[in-house]
Amino acid sequence: MNIVEEAFQQLYLQKDLGYDTSIKYSSKFKPYNSNVRLYNNRLEFNLSRKWKPVSREIQIGLIQSLLLKILRNRLKPLKKTTQDIELYNIFIKKIHIAVPKTKSDPLLEESFNRVNERYFYGLIEKPNLAWHNSISKLGSYEYGSDTISISGIFKNANKELLDYIMYHEMLHKKHKFKNKNGRNYHHTTDFRKKEKEFENQKYTEEEIKKLIRRIRRKLIFNRVFI
Ligand SMILES: [Zn+2]
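Residues numbered from 1 in each chain as written. Predicted model: local features only at pLDDT ≥ 70, side-chain atom pairs only at ≥ 80, totals over all residues. Heavy atoms only, no water.

> Report on the pairing of strand β2 (residues 34-39), specifying residues and quantitative values.
When β2 meets strand β3 (residues 42-48), the two strands line up antiparallel, connected through 6 bridges. Within β3, the residue paired with Arg37 across the bridge is Glu44. Counted along the chain from β2 to the antiparallel partner β3, the turn is 2 residues long, and its residue Asn40 has a positive phi close to 50°. (Pairing = 2+ DSSP bridges. Helix = DSSP H or I, 4+ residues; strand = E, 2+ residues; numbered from the N terminus.)

Following this line, the structure appears as structure tokens:
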């Protein structure tokens, strides 16, 4: 029995998966990323190469999490979670300990240190810090690579705006996610409450909206006139 069939049987308690399956480990992915696609009656699992040496139980938990997502509207599982899913969630929440810290940037590091001192008593361990180019994604925290990345639009913005995005992502690093009925929740009520503890939160959010509007207008202008 292959690993996908095993994952399926544990979760749906039936033998016939009804789909062809394949599993591929790829070096194209970021560390510990993964996805699943369904087409032509075929379930194709793509996992970062980093998953290969990880224990079979944890990989089964990962595959089960992906199955729950992709089959949500097609097949009702008999269990909402499994021991392997729990193991997988613990693994993802702890992986930052093993990830090498190689990426940083002076501006991001200053912001991280400011926010860490001011809101976390300096207790958050420094993750990898990087800029990205998207405007629609202001910031992100990636568990698998322990990386906070922040949109380059904040490079020249008021420091408070950058700090607010940093604060949001640091909350993700600190609080991780809650698992309920096989689904992971990142922006919980608790999370939103903590987010409001940022000084002048409402004002800062408004300023960020204004900044995005300004940049969008500039982009449209450049497209039309240059
Ligand atoms: Zn978030």
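> Give a description of the environment of Arg72 that names residues and reports values.
In this structure, Arg72 sits in the loop between α2 (56-70) and α3 (83-94). Using a relative accessible area of 42% as the deciding quantity, one classes Arg72 as partly exposed. Beyond its immediate stretch of four places on either side in the chain, Arg72 contacts Leu67 and Arg183. (Buried < 20%, exposed > 50% of the residue type's maximum accessible area, 1.4 Å probe, protein only. Contact = heavy atoms within 4.5 Å.)

> Mind laying out the pairing of strand β6 (residues 147-151), listing which residues take part and the relevant values?
In terms of burial, β6 is a largely internal element, 5 of the 5 residues being buried. For strand β4 (residues 128-132) and β6, the ladder comprises 5 bridges, and the chain directions are parallel. Bridge pairing in β6 places Ala130 opposite Ser149. Taking the residues between adjacent antiparallel strands as the criterion, strand β5 (residues 139-142) and β6 are bridged by 4 residues, where Asp146 takes a positive phi near 45°.

> Describe the sheet that holds β3, and please don't skip the residues or the numbers.
Strand order in this open sheet of 3 strands is β1-β3-β2, and the pairing throughout is mixed. Both outer strands of the open sheet, β1 (20-26) and β2, are each paired with one neighbouring strand and no more. With direction set aside, neighbouring strand axes in the sheet form an average angle of 15°. (Axes fitted to C-alpha atoms, helices over the stretch in contact; angles between N-to-C directions.)

> How would you summarise the coordination of the zinc ion if you had to cite specific residues and measurements?
On the protein side, the zinc ion has His168 (NE2), His172 (NE2) and His187 (NE2) as donor atoms, found 2.0 to 2.1 Å from it. As a motif over one chain, the donors of the zinc ion read H-x3-H-x14-H. One end of the pair, His172, is in helix α5 (residues 159-175); the other, His187, is in the loop between β8 (183-185) and α6 (189-195), with 15 residues separating them in the sequence. Given a relative accessible area of 7%, His172 falls into the buried group. (Donors = N, O, S within 2.8 Å, 3.2 Å for Na, K, Ca; no water.)

> Tell me about the nonpolar core, and please be specific about residues and values.
Core analysis: the biggest nonpolar cluster contains 57 residues, and Phe45, Trp51, Leu67, Phe154 and Met166 have the highest contact counts within it. Elements with a minimum of two residues in this core: α1 (3-12), β3, α2, α3, α4 (106-120), β6, α5 and α7 (201-225). Residue contributions to this core peak at 8 residues, all from α5. For this core, the two domains that each supply at least three residues are domain 1 (3-96) and domain 2 (106-225). Sequence-distant contacts of Phe45, that is, excluding residues within four places in its chain, are made with Val4, Ser22, Ile23, Lys24, Asn35, Val36, Ile63, Leu66 and Leu67. (Core = buried A, V, L, I, M, F, W, Y, C linked by side-chain atoms within 4.5 Å. Domains from an automatic or database assignment.)

> Give me the pattern of salt bridges: which residues, what numbers.
Enumeration according to the criterion identifies 12 salt bridges in this entry. One salt bridge in this structure joins Glu109 and Lys126, with 3.8 Å as the shortest N-O distance. In this pair, Glu109 sits in helix α4 while Lys126 sits in the loop between α4 and β4, placing the two residues 17 residues apart along the sequence. Residue Glu109 is classed as partly exposed on the basis of its relative accessible area of 27%. Taking the shortest distance from any N to any O, the salt bridge between Glu206 and Lys209 comes out at 3.5 Å. Of the two residues, Glu206 and Lys209 both sit in helix α7, 3 residues apart, roughly one turn of that helix. In this structure, a network of salt bridges that share partners links the residues Lys101, Asp146 and Lys173. (Salt bridge = Lys/Arg side-chain N within 4 Å of Asp/Glu carboxyl O.)

> Break down the packing of aromatic side chains for me, citing the residues and quoting the values.
Under the criterion given, the structure shown has 12 aromatic pairs. When the centroid spacing of 5.4 Å and the interplanar angle of 40° are considered together, the rings of Trp51 and Phe91 count as tilted. Of this pair, Trp51 sits in the loop between β3 and α2 while Phe91 sits in helix α3, and the two are 40 residues apart along the sequence. Pair check on accessibility: Trp51 and Phe91 agree, each one buried. Centre to centre, the rings of Tyr141 and Tyr143 are 5.2 Å apart; their planes meet at 75°, and the pair counts as edge-to-face. The pair formed by Tyr141 and Tyr143 is uniform in burial state, with each residue classed as buried. Of the aromatic side chains, those joined through ring pairs into one cluster are Tyr119, Phe120, Tyr164, Tyr167 and Phe198. (Phe/Tyr/Trp six-rings, centres within 6.5 Å; stacked < 30°, edge-to-face > 60°.)

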